[in-house]
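Secondary and tertiary structure notes
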Amino acid sequence: GADGFGFEPDANGINRKIPQIGNVVIEDDVEIGSNATIDRAMMGSTTIHTNAKLDNLTLVAHNTQIGSSTFMCGQSGVAGSTTIGSHCILAGQVGVSGHINIADGTIFGAQTGVPKSIAKSGYYEGSPAIDAMQWRKSVVGFKQLPDILKRLQALENKV
């Protein structure tokens with residue numbers, strides 16, 4: 001793997017590279033698509049566990065753990081020092097923040113943004129990630145918002 005994205009400002013505010021002296025461990029039966037990026041760990045290991053499948057254009061940042069039999073679909077990325085559980089699915093364009101943990105068996109729909117740990121497996125969508133059914137109801141409400149605002153304005157004008 002390439003160096004992880006590790007920098008720290010010096011006393012003068014100049015960003016200086018932190019040496020990335022760790023490695024990348026790719027276990028058995030892993031598939032990695034074209035233009036995937038896997039950053040080696042700052043210390044320790046970035047690990048892609050057994051039977052994980054990484055699609056084209058995916059990013060696994062430094063010190064990240066990708067669980068066994070997990071799928072990462074195209075344009076998904078996981079920031080540094082994050083643990084993705086086993087048997088998870090990250091659909092296309094899912095973005096996962098750094099330094100968090102994702103429960104085994106968790107599924108994220110396309111374009112989901114994951115800013116914090118997910119302790120309970122389930123199906124999540126949206127940004128920030130919430131229960132998929134709740135997200136879908138919210139999207140319906142969001143689409144109706146302009147009409148709702150017009151009706152509210154009309155009611156206020158009557159009062």
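First things first, this report covers the structure right here in the doc. If you're wondering where the values come from, they're calculated on a predicted model, not measured in any experiment.

1. Comments concerning the environment of G13
Its location among the elements puts G13 in the loop between β1 (7-9) and β2 (15-17). When its relative accessible area of 48% is taken as the criterion, G13 is described as partly exposed. Separated by 142 residues in the primary sequence, G13 and L155 have C-alpha atoms spaced 55 Å apart.

2. A short note on the sheet that holds strand β15 (residues 101-102)
Strands belonging to one sheet form pairs held by backbone hydrogen bonds; the direction of such a pair is parallel or antiparallel. Strand order across the open sheet formed by 5 strands is β3-β6-β9-β12-β15, with parallel pairing between neighbours. A single partner strand is all that each edge strand has here, and the edge strands are β3 (23-26) and β15. Alignment of strand β12 (residues 83-84) against β15, held across 2 bridges, turns out to be parallel. Across the sheet, T83 pairs through a bridge with N101, a residue of β15.

3. Some points on the pairing of strand β6 (residues 45-48)
As judged from the 4 bridges shared by β3 and β6, these two strands associate in the parallel manner. By the bridge assignment for β6, N23 is matched with S45.

So, how was this worked out
- Residues numbered from 1 in each chain as written.
- Predicted model: local features only at pLDDT ≥ 70, side-chain atom pairs only at ≥ 80, totals over all residues.
- Heavy atoms only, no water.
- Helix = DSSP H or I, 4+ residues; strand = E, 2+ residues; numbered from the N terminus.
- Buried < 20%, exposed > 50% of the residue type's maximum accessible area, 1.4 Å probe, protein only.
- Pairing = 2+ DSSP bridges.

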